[in-house]
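# Structural overview
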Amino acid sequence: PIMKRAGFKPHIAAATEAEAAGFDSFWIAQIFGLDALTALAVAGRTVDRIELGTAVVPTYPRHPMMLAGQALTTQSAVGDRLALGIGLSHQIVVEDLWGYSYQRPLRHMREYLEALLPLLRGESVAVTGEDITCIGSIDIPGPSAPGVIVAALGAKMLELAGSTGCGTITWCTGERTLLDHVVPSITRAAEAAGQPAPRVVAGLPICVTDDPDAARALIAEQLAMYG
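Described in the following lines is the structure provided in the data block. (Residues numbered from 1 in each chain as written. Predicted model: local features only at pLDDT ≥ 70, side-chain atom pairs only at ≥ 80, totals over all residues. Heavy atoms only, no water.)

Take the side chain of Arg 62 next. With respect to the secondary-structure elements, Arg 62 resides in the loop between β3 (57-58) and α3 (64-77). Buried charge Arg 62 goes without a salt bridge, the closest partner of opposite sign being Asp 35 at 4.5 Å. Reaching out from Arg 62, the side chain makes a polar contact with the backbone oxygen of Pro 58 at a distance of 3.1 Å. Beyond its immediate sequence surroundings of up to four residues, Arg 62 is in contact with Gln 30, Asp 35, Val 57, Leu 67 and Tyr 112. (Helix = DSSP H or I, 4+ residues; strand = E, 2+ residues; numbered from the N terminus. Buried < 20%, exposed > 50% of the residue type's maximum accessible area, 1.4 Å probe, protein only. Lys, Arg positive; Asp, Glu negative; His and termini not counted. Salt bridge = Lys/Arg side-chain N within 4 Å of Asp/Glu carboxyl O. Polar contact = N/O pair within 3.5 Å; in protein donor to acceptor, adjacent residues only side chain to side chain. Contact = heavy atoms within 4.5 Å.)

Counted under the stated rule, the structure contains five salt bridges. Close ionic contact of Asp 213 with Arg 216 constitutes a salt bridge, the shortest N to O distance being 3.7 Å. Residue Asp 213 and its partner Arg 216 are located together in helix α8 (residues 212-222), separated by three residues, close to a single helical turn. Judged by its relative accessible area of 54%, Arg 216 falls in the exposed class. Among the ionic contacts, a cluster of salt bridges with common partners joins Arg 107, Glu 130 and Asp 131.

Taking 1.5 Å per residue as the helical rise, helix α5 (residues 105-120) with its 16 residues ought to reach 22 Å, and the 22 Å between its terminal C-alpha atoms agrees with that figure. The axis of α5 is deflected most strongly, by about 25°, at Leu 113. Here α5 has its buried residues at His 108, Met 109, Glu 111, Tyr 112, Leu 113, Ala 115, Leu 116, Leu 117, Pro 118, Leu 119 and Leu 120. Where α5 is buried, its residues contact α3, β4 (82-87), β5 (125-128), β6 (133-136), β7 (147-151) and α6 (155-163). Phi for Gly 122, located one or two positions after α5, is positive at around 80°. (Expected span 1.5 Å × (residues − 1). Bend = angle between axes of the 7 residues up to and from the residue.)

In terms of nonpolar packing, the biggest core is built from 52 residues, with Ile 86, Leu 113 and Val 148 touching the most fellow members. A total of eight residues in this core trace back to one element, the largest contributor, which is α5. Discounting residues that sit within four places of it in the chain, Leu 113 has contacts with Ile 86, Pro 118, Val 148, Val 150, Leu 160, Thr 164 and Cys 166. The next biggest cluster of nonpolar side chains, apart from the first, holds five residues, and it includes Ala 83, Ile 149, Ile 169 and Val 201. (Core = buried A, V, L, I, M, F, W, Y, C linked by side-chain atoms within 4.5 Å.)

With that settled, consider the layout of surface pockets. Picture a little ball the size of a water molecule; that probe, rolled over the atoms, points out where space is still empty. In this model, the largest pocket occupies a volume close to 1,300 Å³. Looking at the largest pocket, it is lined by 37 residues, and the ones nearest its centre are Ala 55, Val 56, Thr 170, Trp 171 and Tyr 226. In terms of residue count, the dominant contributor to the lining of the largest pocket is strand β1 (residues 25-28) (four residues). Class assignment of the residues belonging to the lining of the largest pocket gives a composition of 28 nonpolar, nine polar and no charged. Taken as a whole, the second largest pocket spans an internal volume of roughly 200 Å³. Lining the second largest pocket we find Pro 205, Ile 206, Cys 207, Ala 215, Leu 218, Ile 219, Gln 222 and Leu 223. Residue composition of the lining of the second largest pocket, grouped by class: seven nonpolar, one polar and no charged. (1 Å grid on protein atoms, 1.4 Å probe; cavity = no way out; pocket = protein on both sides within 12 Å on 5 of 7 lines; lining within 4 Å. Points joined across faces, edges and corners; volume = space filled by probe spheres on them. Nonpolar A, V, L, I, M, F, W, Y, C, P; charged D, E, K, R; others polar.)

Next up on the list: the pairing of β5. Where burial is concerned, the two faces of β5 differ: the one with Val 125 and Val 127 is buried and the one with Ala 126 and Thr 128 is not. With four bridges connecting them, β5 and β6 associate as antiparallel partners. By the bridge assignment, Val 127 is partnered in β6 with Cys 134. Hairpin connection between β5 and β6: a loop of four residues separates the two successive antiparallel strands. (Pairing = 2+ DSSP bridges.)

Encoded structure:
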């Protein structure tokens, strides 16, 4: 019955359509709407092949122990098909809407990963950083640790993502930047740290239309903030 409720219907329908069309993965964003990990856990009951990913879950309002527990619960529900995309969000959201400091975003993500990655592997952690304190473990037997993908664009954040064995996920980042900056930067960091080749997930808004003028007007309205 829960899958018939209106809030989940668009995600279930989109995941079902993506799997039927032969796509390898299906992604849900997370910000001010439906909880992405919960939605994927529900959608995973309808689709049984396709990878299910978050693109992305903001870290600041979620303690790493809480996120690890939720991610492993979702991983268990979907049969080890979860890709956990996480990111900082934006300064205007973190500071003005949530009230956290965005002064040291790289340090925040480094300490967050120090806690999150071992927790996902079922290990105990004792992180007492300047931004993150996380002591303890998560006991959810069964699911494997999902792959973690860190939203990154700057050189230092890409270095962190590659050196920790995480891939990266981008939004509205063009082909030239991906080829000349993102992929080589994160690949060099992974190689230097002895990590496997990192995954790069490129998210782009797409519109298939026979009315390009109307599409451009819609883009100008919906994506105005990216200017």
